[in-house]
Protein chains: 2
Amino acid sequence: MHAVILAGGSGTRFWPLSREQAPKQMLNVFGQDSLLIGALDRAQQMLDAQACEGQIHIVVGQSLLDELRNHVLAHPKWGSASINYIVEPAARNTAPALALAAALVERCDEDGCIVMLPADHLTEDGPRWVETMGVAIDAAADGSLVTIGLVPTGPETGFGYIESDSAHTKQTDSVSSALPVIRFVEKPDHDTAVEYLSAGNFYWNSGMLVARADAILTQLEEAQIAHPDAPSAAGNNDMVKAARLLAADSRDEAALEDFKQLAKEPFDKAALELSSKVKVVPTSIDWSDVGSLLALEVLTQPNERGTRVIGQGVDVDSTNTTNYSSHRMVATLGLHDTIVVDTADATLVAAKDRAQDVRLIVDELTRRGAPETKQSQTSKRPWGSWTMLTRGIGYQVKEIEVMPGQSLSLQKHQQRSEHWIVIEGTATVEIDGQASQIGPSQSVFIPMDALHRLSNNHDSILRIVEVAAGAYLGEDDIERFDDQYARITGVEA
Amino acid sequence: MHAVILAGGSGTRFWPLSREQAPKQMLNVFGQDSLLIGALDRAQQMLDAQACEGQIHIVVGQSLLDELRNHVLAHPKWGSASINYIVEPAARNTAPALALAAALVERCDEDGCIVMLPADHLTEDGPRWVETMGVAIDAAADGSLVTIGLVPTGPETGFGYIESDSAHTKQTDSVSSALPVIRFVEKPDHDTAVEYLSAGNFYWNSGMLVARADAILTQLEEAQIAHPDAPSAAGNNDMVKAARLLAADSRDEAALEDFKQLAKEPFDKAALELSSKVKVVPTSIDWSDVGSLLALEVLTQPNERGTRVIGQGVDVDSTNTTNYSSHRMVATLGLHDTIVVDTADATLVAAKDRAQDVRLIVDELTRRGAPETKQSQTSKRPWGSWTMLTRGIGYQVKEIEVMPGQSLSLQKHQQRSEHWIVIEGTATVEIDGQASQIGPSQSVFIPMDALHRLSNNHDSILRIVEVAAGAYLGEDDIERFDDQYARITGVEA
């Protein structure tokens, strides 16, 4: 058994909460942990806790690898777990990503079965989840590709559907046995969704998949042979070939180049829709694809006008409106059917019926080169976290939290000096080999080019304000000499 | 000739741009200078430049006095002007405020004529303005109360109207001679406004007034005698009596108490509507009372969907919507008839037809004790300005700009230490009698209880980041020992 978590999503539909360096899977707006940590928890529930060493794989792009690893390293439980990071040579959608993961699993475990989980969905865990996966794993033993279908609770038009050959018979309270799949259908219109609901043999496509690694690769290959003219099948053989070469040697230049040239294809189109060996396990677990900012509405009950205030905002007289603010005061007055999502450096105000189109805003901001699409305000680190408080011409100010017993890397900067002011706790500061301790309201100056390290050698949290001053303040002005977390590729602290 | 500028308005309808300590008259969103500085400029145009010493009076409440004086002192031209600040013992609306100003003018200049200007209107200056005032000043010579009426350009329902006995005949291109006033009417409904427009003898009430000081006081007294039962006339005699006593001695305890007990009355109700000696000068100067946030729309032309983006925001597909952001990224998507106004620490999103009700938001925030109604983010000082960048638990961070040759006061704090990091320029820092100079990227630490002063003795601007750390960070933790601007009452720097 292997869990493969696809964490390559950029989550542009969740802007401004999500950013390039903090996509939806890394947000913890739905609970204490992020959606990614939730996926790891669910993966672990299925795997034998004793045997899960080497069985959990996260597929991620190179540009997000550092930030995502830091995110996992900062978690109290998952920080010390053994996780295999599979780096996509390029973002080519789920078919190439899954092919690469399957090829890697196949090499080390020729009977390996993969449970593929999206990293950015909100899904119930616990007994019903485990039972659902158990049915799917059994059904995958014969080489089938087994999907998980949610039993519809309404005529939803925002999801794709899976049609099975018959209506499900519940095996238990919530889970049916696996059924053969007739076809996958795109998001339907309302009338069609009503028909699907009453027909009883249509299920929401959850995007989860259970299959043997060799079956995934074989089905991708066979899909092309059986449907040589299907546009989506083009290049499947190359995909599997490139994946297997990369699995054998991740630095194989030719294979890397081949992978980068693959068409961007979802696995649904490249294999599931073309294969005859596809099953669906109907289930009734709670699930949301967190497909738009409207998903935030699960966080609180609306008032008598259908309006929700989530966070510290205030509303007067708005109807069917959601006012979400994480840091600042947001006031809404007399609005209708509107969603407001506020973060420290950016705010979105959208008509609810346009919530699916937030990517248009991200596209426009990207076109302008606006920084608000890239960097998150808060970034987790194995030693704690930092939050960008403010940026001005020639300076930037961060709040830095260092957990007890932790240290930032030993580092130097060529183009900025730093000033650390302790707000809470005691800092151990090493500058050019000289160590000192500074307490609350004390400060220390780190000149440009000085070799320095910040540590918290005490039992309580350390909070400092860092003012960096200089003409260039990019995160890449760092030279790292020693790091207790063995980070080499990262650019930050 | 005396100019009396009423600057007591709290401007709650302009939140979040306006705050208690930065009301509408102090905002410079409509140009380089604030509305108050604009009023000072117009006042000066009417007065003989050589003779305006002692002729300009600003009426303001005690709680705003420091901030408003600093605002004027920071202005390159008005900072060195002689301005008489008339402090209202309590905010009692325009009738008591104007009575106090008239009593003061009457004492030093018994033939004094007052031009009363609201501090928070946007008004054309230049020749047409001077000509209008000239006609009004002439008309006031006989003891009349002379109002300025704007010739309507449409059936406006947001203003009060002044009805004259006949339609105006233009004296010049834009200004008519003064006409007797029949009555003042409240904001009309649309049909009535259409009638007023076609009748030709109705004018928008600009709130400006020209009258002899003695006429103002006499008319207030006579209004009560002639209309003893009019609720709005009650207490007029007391008002004039209290105003004259306060003008004679601003520390007269009994008069102060009497003033504080006066009813809150606008001058329109207390005198203009009850007097038979009222005239109107119809004019066509450009004018706006800046009555709601929709006034921001004058700043830019709408796009083909009627939408305006003012500042650094972005819009996709909104109609008849205004997106105003001064600091941060605000994205609007698919909205209709909505106004968004963003500031560093607070954002308002309102249906345009509710723009007049922004005070409901301010009321609610005040009820909660929210800081976002009180302090402005940026505050002008005679030596430059400061901007609050961020506040956290145990610290706050400001950017401070000190103009060449200027100094903050010599001061100390009991409950916070300060860290100054120079970003641009050279700071001269005095700590407990020791002076030093620090340049860009250098920093200095000011312990609690240390006597300190920051100066800019160089020719270019000085910019520093100040990090204050301590358990209590209120602006009132300051003890001031020496100040080159002779500020005594102020609490800040």
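Rules and cut-offs
- Residues numbered from 1 in each chain as written.
- Chains lettered and ligands numbered in written order.
- Predicted model: local features only at pLDDT ≥ 70, side-chain atom pairs only at ≥ 80, totals over all residues.
- Heavy atoms only, no water.
- Helix = DSSP H or I, 4+ residues; strand = E, 2+ residues; numbered from the N terminus.
- Buried < 20%, exposed > 50% of the residue type's maximum accessible area, 1.4 Å probe, protein only.
- Contact = heavy atoms within 4.5 Å.
- Areas by Shrake-Rupley, 256 points an atom, 1.4 Å probe, with all protein chains shown as cover.
- Lys, Arg positive; Asp, Glu negative; His and termini not counted.
- Charge placed at Lys NZ, Arg CZ, Asp CG, Glu CD.
- Pairing = 2+ DSSP bridges.
- Axes fitted to C-alpha atoms, helices over the stretch in contact; angles between N-to-C directions.
- Buried area = accessible area lost by both parts, 1.4 Å probe.
- Salt bridge = Lys/Arg side-chain N within 4 Å of Asp/Glu carboxyl O.
- Polar contact = N/O pair within 3.5 Å; in protein donor to acceptor, adjacent residues only side chain to side chain.
- Nonpolar A, V, L, I, M, F, W, Y, C, P; charged D, E, K, R; others polar.
- Core = buried A, V, L, I, M, F, W, Y, C linked by side-chain atoms within 4.5 Å.
- Phe/Tyr/Trp six-rings, centres within 6.5 Å; stacked < 30°, edge-to-face > 60°.
- Lys NZ or Arg CZ within 6 Å of the ring centre and 35° of its normal.
- Least-squares fit on C-alpha atoms with pLDDT ≥ 70 in both.

Draft legend 1. Examining the overall build of chain A more closely. Looking only at helices and strands, one finds 10 helices and 28 strands in chain A. For chain A, the spread of C-alpha atoms along the principal axes amounts to about 70 × 60 × 45 Å. Expressed as a percentage of its 493 residues, the buried residues of chain A come to 58%. Contacts in chain A between residues at least 24 apart in sequence constitute 69% of all its contacts with a sequence separation of at least 6. Summed over its atoms, the accessible surface of chain A is roughly 19500 Å², and 49% of this surface lies on carbon and sulfur atoms. Positive and negative side-chain charges of chain A, numbering 40 and 69 respectively, have mean locations separated by a distance of 3 Å.

Draft legend 2. Local environment of the sheet that holds strand E12 (residues 308-311) of chain B. Pairing in this open sheet of 6 strands is mixed, and the strands run E13(A)-E15(A)-E17(B)-E16(B)-E14(B)-E12(B) from one edge to the other. Sheet topology places strand E13 (314-316) of chain A together with E12 of chain B at the edges, where each strand pairs with a single neighbour. Between one strand and the next, the sheet's axes are offset by a mean angle of 5°, whatever the strand orientation. Pairing of strand E15 (residues 329-333) of chain A with strand E17 (residues 346-351) of chain B, which is carried by 5 bridges, proceeds in the parallel orientation. Paired with Met329 of chain A across the two strands is Ala346 of chain B, which belongs to E17 of chain B. Across the sheet, helix H10 (residues 358-368) of chain B lies against E13 and E15 of chain A together with E17 of chain B, angled at about 140° from E13 of chain A, the strand it touches most.

Draft legend 3. Quick look at the interface of chain A and chain B. Taken residue by residue, the interface counts 57 residues in chain A and 56 residues in chain B. A buried area of about 4100 Å², summed over both sides, lies between chain A and chain B, and 63% of it is on carbon and sulfur atoms. When the area that chain A buries against chain B is broken down by residue, the three leading residues are Met329, Leu333 and Val349 of chain A, summing to 16%. For the interface between chain A and chain B, the tally reads 4 salt bridges. When the shortest N-O distance is used, the salt bridge between Arg328 of chain A and Asp342 of chain B registers 3.4 Å. The interface formed by chain A and chain B contains 34 residue pairs in polar contact (both at pLDDT 80 or more). Of the residues belonging to the side of chain A that touches chain B, the class tally is 31 nonpolar, 15 polar and 11 charged.

Draft legend 4. Up close: the nonpolar core. Grouped together as the largest cluster of nonpolar side chains are 47 residues, with contacts concentrated most on Ile5, Leu40, Ile58 and Leu68 of chain A. Setting aside chain neighbours within four positions, we find Ile58 of chain A in contact with Ile5, Ala7, Leu36, Leu40, Leu68, Val72, Ile83, Asn84, Tyr85 and Ile86 of chain A.

Draft legend 5. Fine view of the sheet that holds strand E15 (residues 329-333) of chain B. What the 6 strands build is an open sheet, ordered E12(A)-E14(A)-E16(A)-E17(A)-E15(B)-E13(B); its pairing is mixed. In this open sheet, the two edge strands, each paired with only one partner strand, are strand E12 (308-311) of chain A together with strand E13 (314-316) of chain B. Within the sheet, the average angular offset between the axes of one strand and its neighbour, ignoring direction, is 5°. Sheet topology places E12 of chain A next to strand E14 (residues 322-325) of chain A; 4 bridges connect them, and they run parallel. Bridging across to E14 of chain A, Ile310 of chain A finds its partner in Tyr324 of chain A.

Draft legend 6. Representation of the packing of aromatic side chains. In total, this model carries 10 aromatic pairs over all chains according to the counting rule given. Relative to Phe202 of chain B, the ring of Tyr196 of chain B lies with its centre 3.9 Å away and its plane at 10°, an arrangement referred to as stacked. Each of the two residues, Tyr196 of chain B as well as Phe202 of chain B, counts as buried. Linked through ring pairs, Phe159, Trp204 and Trp287 of chain A together constitute an aromatic cluster. Directly above the aromatic system of Trp386 of chain A lies the positively charged group of Lys398 of chain A, at a separation of 4.0 Å from the ring centroid. Lying across the ring of Trp129 of chain B, Arg42 of chain B places its NZ or CZ 5.5 Å from the centre.

Draft legend 7. A look at the environment of Arg305 of chain A. Residue and element names in this part refer to chain A. The topology assignment puts Arg305 in the loop between strand E11 (287-288) and E12. Relative accessible area serves as the criterion here: at 29%, Arg305 is assigned to the partly exposed category. Between the C-alpha atoms of Arg305 and Phe202, which are 103 residues apart in sequence, the distance is 34 Å. Setting aside residues no more than four positions away along its own chain, Arg305 makes contact with Asp315, Asp317, Ser318, Thr319 and Asn320. Polar side-chain contacts of Arg305 include one of 3.0 Å to the backbone oxygen of Ser318.

Draft legend 8. Quick look at the relation of the copies chain A and chain B. The transform that puts chain A on chain B rotates by 179° and translates by 0.1 Å along the axis, for an RMSD of 0.1 Å. One copy is carried onto the other by what is essentially a two-fold rotation axis. Closest approach to the rotation axis within chain A is made by the C-alpha atom of Thr390 of chain A, at a distance of 3.7 Å. In this assembly, 98% of the residues forming the interface of chain A have copies in chain B that are likewise at the interface, indicating an isologous arrangement.

Draft legend 9. Inspection of the environment of His452 of chain B at higher detail. All names here are of chain B. Following the sequence through the fold, His452 ends up in strand E26 (residues 452-455). Using a relative accessible area of 1% as the deciding quantity, one classes His452 as buried. Spatially, the C-alpha atom of His452 lies 46 Å from that of Met239, the residues being 213 residues apart in sequence. Not counting residues up to four positions away in its chain, the partners in contact with His452 are Ser409, Leu410, Gln411, Lys412, His413, Glu418, Trp420, Glu430, Ile431 and Ile446. A polar contact is formed between the side chain of His452 and the side chain of Glu418, at a distance of 3.4 Å. Of the polar contacts made by the side chain of His452, one reaches the backbone oxygen of Ala450; its length is 2.9 Å.

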